[in-house]
Amino acid sequence: MLSETVTALGGLKTAFDVAKALISAKSDSERLAAIADLQAALIDIQHQTLALQAAMAELQDEAITLRRSNETLQRRSTDLSRYQLVKFDETGAAAYRLRPEHVGGDEIDHYLCPNCYQKGEKSILQEDGRSLFCPSCAMRIYIRKQRPLRPSHRLV
Ligand SMILES: [Zn+2]
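Residues numbered from 1 in each chain as written. Predicted model: local features only at pLDDT ≥ 70, side-chain atom pairs only at ≥ 80, totals over all residues.

A. The sheet that holds strand β6 (residues 140-142), seen in detail. What the three strands build is an open sheet, ordered β4-β5-β6; its pairing is antiparallel. In this open sheet, the two strands that pair with only one neighbour each are β4 (126-128) and β6. Averaged over all pairs of adjacent strands, the angle between their axes in this sheet comes to 30°, without regard to strand direction. In the sheet, β4 pairs with strand β5 (residues 131-133) via three bridges, with the strands oriented antiparallel. In the sheet register, D128 faces β5, and the bridge partner there is S131. (Pairing = 2+ DSSP bridges. Helix = DSSP H or I, 4+ residues; strand = E, 2+ residues; numbered from the N terminus. Axes fitted to C-alpha atoms, helices over the stretch in contact; angles between N-to-C directions.)

B. Region of interest: the nonpolar core. By size, the foremost hydrophobic cluster in this structure holds nine residues: A95, Y96, Y111, L112, C113, L125, L132, C134 and I141. Once you skip the residues sitting within four places of it in the chain, C113 turns out to touch A95, S123, L125, C134, S136, C137 and M139. (Core = buried A, V, L, I, M, F, W, Y, C linked by C-beta atoms within 7 Å. Buried ≥ 20, exposed ≤ 12 C-beta atoms within 10 Å, placed from the backbone. Contact = placed C-beta atoms within 7 Å.)

C. Summary view of the sheet that holds strand β2 (residues 94-98). Strand order in the open sheet formed by three strands is β1-β2-β3, with antiparallel pairing between adjacent strands. Two strands in the sheet have a free side with no partner beyond their single neighbour: β1 (83-87) and β3 (111-112). With two bridges connecting them, β2 and β3 associate as antiparallel partners. Its bridge partner being in β3, R97 is matched across the sheet by Y111.

D. Local environment of the domain arrangement of the protein. By domain assignment, the protein separates into domain 1 (2-67) and domain 2 (80-142). Using only C-alpha atoms to locate each centre, domain 1 and domain 2 end up separated by 61 Å. (Domains from an automatic or database assignment.)

Structural data, given as structure tokens:
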């Protein structure tokens, strides 16, 4: 965009210089030559204007894409801020839990994977007995210690 702008300004300066030459022309042949130069300069300006418009359209598309991306990131950040990191007392493992003030209505109490959370992704952990399992990254978080096995019969 900057190079297109510099080129367009250079074309304008050329046209201005040619116009000055036209004004100070002393004969018809000088005026005709200056008019031809001015027409050529104006055609160049038209081309440069088109290039400038194309560059501007590209920048506008890029701005729209960045604006949408920013909105998506802000929505995601707002959503993730509704969770807090909690520790499971029995194992010391941690996961992100929906803050109590957001539980209710359409939202049930649940946990997010801390690994995915750190990447800005939301993955709801699934309970699997004594652990929580992340379906996205396969991380397993143990929330209960394994109980010692009870013998089914006593040895005498
Ligand atoms: Zn995960």
